[in-house]
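# Remarks on the overall topology
Residues per chain, in single letters:
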Amino acid sequence: MRFKQARLLAVFTILASSAVRSQDAGLLTIDRVFASSEFRQEYQTPIQWIENGEAYLMVVYTDKGNAEIKRYQTATQTSTAYLSTDQLTPEGSNTPIFIEDFSLSDDESKVLIFTNSKRVWRSNTKGDYWVYDFSKKKLSQLGKDFPASSLMFAKFSADNDFVAYVMGFNIYKEDFSSGVTTQLTSDGNREIINGTFDWVYEEEFGCRDGFRWSPDGSLIAFWQLDASTIGSYNMINFTDSVYSQVIPVQYPKVGQDPSSAQIGIINTFTGDRHWVELEGSIVQNYIPGIQWINKDLLLIQQMNRKQNHLKFWGYRPSSKETKLIYEEQSESWVDLQYPDITANNWGDNKLEILSNGKSALRLIENEWRKAIKIDLNSGSTTLISTGTYDVASIAGTTPKELYYMASPNDVSQRYLYSVDLKGRKQDRRITPAQFSGTNTYNISPNGKYAFHSFRSALSPIVVDLISLPDHKVISSIVDNKVFKNKLYSLKMPTVKFQSFTTTEGIEVNARFLLPHDFDASKLYPVIFHVYGEPWGQVAQDSWVGLWTIYLTQLGYIVVDVDPRGAPVLNGSEWRKSIYQQIGRINILDLGQATQEITKLPYVDDTRVGVWGWSGGGSSTLNLMFQFPETFHTGVAVASVANQLTYDNIYQERYMGLPQENIENFMAGSPITHAKNLEGNLLMIHGTGDDNVHYQNMEMLVDELIAQNKQFDMMSYPNRSHGIYEGRNTRRHLYTLITNYFLEKLPVK
């Protein structure tokens, strides 16, 4: 009892000291970060280019907080009303519908509005759809006889007479003039999935919208997945009833067969349906992308189970013939067309189509990540980007140029480059030197304009409308002046980027945040933030967040480190070296880099902490277990403790099949090394995590008990992988983590 009282007194003393410090207006508190509206950022509202980029539409908000759409002439910024709150108010209602997203028919005579959305897995993809018809000056709801918030992915046909959408795993077509709804598929259910996807396709391929109108509106190509053989992971809700409720999630674990996938073609007038025949098993191959090139050519991406062989097929509905256009193989894995090499965002895996459908752009890995042009008739390729550095992503095209993102001299940053599409001219940087940090662009169809977003480690996002290629600012869209003025009144850390060479001879990059009152003659505790897998880069010159700034104000040095395998612009060998080595070479790099960093004269090597989320939580566990002499305190959030519990697409892409190399899966799993724990460990998990299942926590707890290791744990009832649902969750979570570091890794 005396020990507990002394321990509590120490914690209260630390917290009291923190409270005294926080009376300074320049210092943050947990409540200022998570419980107040004091630091509120602005974000760009939905925007759509029209008239080939000479104009655009943007959602704006009235003084009453209602949404409406305005039209802007791009060059002059002259604005006019496009869709007012009066036009957005349904008949018989006093309240306009709220615009979450919108799209236009090809002839711009109708606006499709998405609202009242509901979450499906990660994103709010179910909701209500309304259409405003300018010719009739009328607002009407689609699928009004269906339950609220039940429609998905509504899209106009090319002739603007119909809209199609998914409801209840089936595809429907609705006639604007008559209001008649036609059901185009009827076999959809929880196991037969039409026009959308199962959990793992969405999570790992970014696939959500599962159907495509043909350019002439006569056909719809759609995915059908058969998930009838997929096992269900049962989550348990203990809190909302006196009896527990079982929530099953179809989830193919690593080593288990995926859902079968095939592409169907529906005649939208007759309802006739047939299936595209591709080589290979519909179970042992994935279809991560399809797109119409013209009304009689559908481009289909097919990838084998190991994800190291990608094929592009051309399918012609008129003859029902398929032709192999292009293929790509790798000894490790083949990447899809993600929006950025960091892979921490999702797209629909579409290729950029050039020359009226004659060719397409793709990024390939060959020493560096390069842009190539694929001839869609012959399959021949032309190298477009010639620089000896990585292309991070394709940003857009003009008839003559390719715009892409890269950073040849600093892997923590991103800049816009351009190159001649014939591959004959030198690449050139477009982003001016003053934008040192992370830049992204939404480029107009004609390539003359772009919305330019900029952020850096200590600067939140700002968005400007610019002209290209001169990069002159036309208008400020999001300036975040109020937020920045509030932010810069705080005592801010110093940011520096530095590389370290490990004892294995590997050079890794690190981002340091030093306390505002940093004194190089003193010793500081250090908290490492890690991810360490192929799905995320952390040592970036991008906004660090208020909580990280708060940690530095408490007196911690915060360091982000990226090991081999992280999606850093260090070349193909760096990124692909982690194949079948997750939990091993990345942990070796992180551990040895930490040992080098702790040699710095101002770092206290007796007070070293580490934390991470998801894959970063797994890295945290492995570092605590494999480098127990280096790391003293760790906080692992939503971690994969056993690689055999995670989904097949992700784990098999980077590790191969467990049937062939089970020893690598076990060697990289934290649970294998749990017996080595020596320091302080806090494990945190949401019981409703449909991504990294809560069983990972239970399995690891069971093993730590068997090894007689003491630890701390916290479960958040019914919270998902992001642990944000429910009242006060985020404040509670970060208070818990902060207090754990303050207690176990005290600031002196």
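These numbers come from a predicted model, not from an experiment. (Residues numbered from 1 in each chain as written. Predicted model: local features only at pLDDT ≥ 70, side-chain atom pairs only at ≥ 80, totals over all residues. Heavy atoms only, no water.)

## Regarding the packing of helix H5 (residues 546-554) against helix H12 (residues 729-744)
Packed helices, taken two at a time, are described by the angle their axes make and the gap between the axes. The condition is simple: Simply put, an axis is a line fit to the C-alpha atoms, just over the touching stretch for a helix, and the angle between two N-to-C directions goes from 0 to 180 degrees. For the purposes of this entry, the term helix denotes a DSSP run of H or I that reaches at least four residues, the term strand denotes a run of E that reaches at least two, and both are numbered from the N terminus. Orientation labels follow simple angle bins: below 35 degrees gives roughly parallel, above 145 gives roughly antiparallel, 65 to 115 gives roughly perpendicular, and whatever is left gives oblique. Each crossing gets its handedness from the near helix: less than a right angle anticlockwise from the far helix is left-handed, clockwise is right-handed. Residue contacts are counted whenever heavy atoms from the two residues lie within 4.5 Å of one another.
Running from N to C, H5 and H12 point in directions that differ by 25°, and their axes come no closer than 12 Å. One element, H5, and the other, H12, form an angle in the roughly parallel class. Like other packed secondary-structure pairs, H5 and H12 cross with a definite hand, here right-handed. Contact with H5, carried on its side by Trp547, Tyr550 and Leu554, involves Tyr734, Ile737, Thr738 and Leu742 of H12 and no other residues of that element.

## Here's the deal with the pattern of salt bridges
Side chains that differ in charge, positive against negative, can pair when their charged atoms come close. How we decide: Only one rule defines a salt bridge in this text: a Lys or Arg side-chain nitrogen within 4 Å of an Asp or Glu carboxyl oxygen.
Throughout the structure, instances matching the rule amount to 26 salt bridges. In this structure, the salt-bridge partner of Lys155 is Asp209, at a minimum N-O distance of 2.8 Å. With Lys155 in strand E9 (residues 152-156) and Asp209 in the loop between helix H3 (199-205) and strand E14 (211-213), the pair connects residues that are 54 residues apart, well separated along the chain. Here Glu596 ties to Lys599 by a salt bridge, and the two come within 3.1 Å at their closest N and O atoms. Among the charged side chains, a salt-bridge network with shared partners connects Glu365, Arg369, Asp390 and Arg575.

## Here we look at unusual backbone geometry
This is how the line gets drawn: The cut-offs for exposure are 20% and 50% of the maximum accessible area for each residue type, with area from a 1.4 Å probe on protein chains only; residues under the lower value are buried, those over the upper are exposed, and the others partly exposed.
A cis amide bond links Leu468 with the next residue in sequence, Pro469, at an omega value of 5°. Summarising the element assignment, Pro469 is placed in the loop between strand E34 (459-467) and strand E35 (473-478). Although it is not a glycine, Glu51 adopts a positive phi angle of roughly 50°. By the element assignment, Glu51 lies in the loop between strand E1 (47-50) and strand E2 (55-61). Residue Glu51 is classed as partly exposed on the basis of its relative accessible area, which comes to 38%.

## Brief notes about the sheet that holds strand E42 (residues 680-686)
Defined as follows: The pairing criterion is simple: DSSP has to find at least two bridges between the two strands.
Within the open sheet, the eight strands sit side by side as E36-E37-E39-E38-E40-E41-E42-E43. Their pairing is mixed. In this open sheet, the two strands that pair with only one neighbour each are strand E36 (494-501) and strand E43 (712-716). Within this sheet the neighbouring strands show an average axis-to-axis angle of 20°, counted without direction. As paired elements, strand E38 (residues 524-529) and strand E40 (residues 603-613) share five bridges and run parallel to each other. Considered in E40, the bridge of Phe528 is made with Val610. Sheet strands touched by helix H11 (residues 695-706): E42 and E43. Its angle to E42, the strand with the most contacts, is close to 150°.

## Section: the packing of helix H7 (residues 585-597) against helix H8 (residues 615-626)
To keep it simple, the criterion reads: All residues other than Ala, Val, Leu, Ile, Met, Phe, Trp, Tyr, Cys, Pro, Asp, Glu, Lys and Arg, Gly among them, are scored as polar; the first ten of these are nonpolar and the last four charged.
One can describe the packing of H7 onto H8 by two numbers: an axis separation of 10 Å at closest approach and a directional angle of 65°. Judged on the interaxial angle alone, H8 and H7 are roughly perpendicular. The interaxial crossing formed by H7 with H8 has right-handed handedness. Across from Asn586, Ile587, Leu590 and Gly591 in H7, the residues of H8 making contact are Ser619, Asn622, Leu623 and Gln626. Class assignment of the residues belonging to the contact of H7 with H8 gives a composition of three nonpolar, five polar and no charged.

## What about the side chain of Thr74?
Under the convention used in this document: For the purposes of these results, a polar contact is taken to be a pair of N or O atoms within 3.5 Å, where, inside protein, one atom must be able to donate a hydrogen and its partner to accept one; residues adjacent in sequence count only when each atom of the pair is a side-chain atom.
Looking at the element boundaries, Thr74 is found in the loop between strand E3 (67-73) and strand E4 (79-83). From its side chain, Thr74 meets the backbone nitrogen of Ala55 in a polar contact 3.2 Å long. In contact with Thr74, other than residues within four places in its own chain, are Trp49, Gly53, Glu54, Ala55, Tyr56, Tyr449, Leu465 and Ile474.

## Observations concerning the environment of Gly722
Considering the arrangement of structural elements, one finds Gly722 in the loop between E43 and H12. Spatially, the C-alpha atom of Gly722 lies 35 Å from that of Pro90, the residues being 632 residues apart in sequence. Ignoring any residue separated from it by four or fewer positions in sequence, one finds Gly722 in contact with Trp613 and Arg730.

## Observations regarding the environment of Asp562
Here Asp562 lies in strand E39 (residues 557-562). Once the C-alpha coordinates of Asp562 and Pro432 are considered, the two residues, 130 residues apart in sequence, prove to be 27 Å apart. Apart from the residues lying within four places of it in its own chain, the contact partners of Asp562 are Val508, Asn509, Gly536, Gln537, Val538, Ala539, Val568 and Trp574. Polar side-chain contacts of Asp562 include one of 2.9 Å to the backbone nitrogen of Val538.

## Some thoughts on the sheet that holds strand E29 (residues 401-406)
Pairing is antiparallel across the open sheet formed by four strands, whose spatial order is E28-E29-E30-E31. Only two strands of the sheet have a single neighbouring strand rather than two, namely strand E28 (391-397) and strand E31 (428-429). Bridging between E29 and strand E30 (residues 415-420) involves six bridges; their strand directions are antiparallel. By the bridge assignment for E30, Ala406 is matched with Tyr415.

## Observations regarding H5
Counting buried residues in H5 gives nine out of nine residues, a clear majority hidden from the surface. The set of residues buried in H5 consists of Leu546, Trp547, Thr548, Ile549, Tyr550, Leu551, Thr552, Gln553 and Leu554. After H5 finishes, the residue Gly555 shows a positive phi value of roughly 115°.

## Regarding the packing of aromatic side chains
What counts here: Only Phe, Tyr and Trp rings are paired, with Trp represented by its six-membered ring, and only when their centres lie within 6.5 Å; those with planes under 30 degrees apart are stacked, over 60 edge-to-face, the remainder tilted. Over a ring means this: the NZ of a Lys or the CZ of an Arg is within 6 Å of the ring centre and within 35 degrees of the ring normal.
Taken as a whole, this structure holds 38 aromatic pairs when the rule is applied. With a centroid separation of 5.7 Å and an interplanar angle of 15°, the aromatic rings of Tyr404 and Tyr417 are classed as stacked. Of this pair, Tyr404 sits in strand E29 while Tyr417 sits in strand E30, and the two are 13 residues apart along the sequence. Each of the two residues, Tyr404 as well as Tyr417, counts as buried. Taken together, Trp333, Trp535, Tyr579, Tyr646, Tyr650 and Tyr654 form an aromatic cluster joined through their ring pairs. Looking at Lys173, its charged tip hangs above the ring of Phe162, at a distance of 4.4 Å from the centre. Across from the ring centre of Phe512, 5.4 Å away, lies the NZ or CZ of Lys496, which sits over that ring.

## With respect to the pairing of strand E6 (residues 110-120)
Most of E6 is tucked away, with eight of its eleven residues classed as buried. Bridging between strand E5 (residues 101-104) and E6 involves four bridges; their strand directions are antiparallel. Paired with Phe102 across the two strands is Ile113, which belongs to E6. The turn linking E5 back onto E6 is made up of five residues, and Glu108 within it adopts a positive phi angle of 60°. Hairpin remark: E6 followed by strand E7 (residues 123-133), antiparallel, with two residues in the connecting loop; positive phi at Trp121, about 55°.

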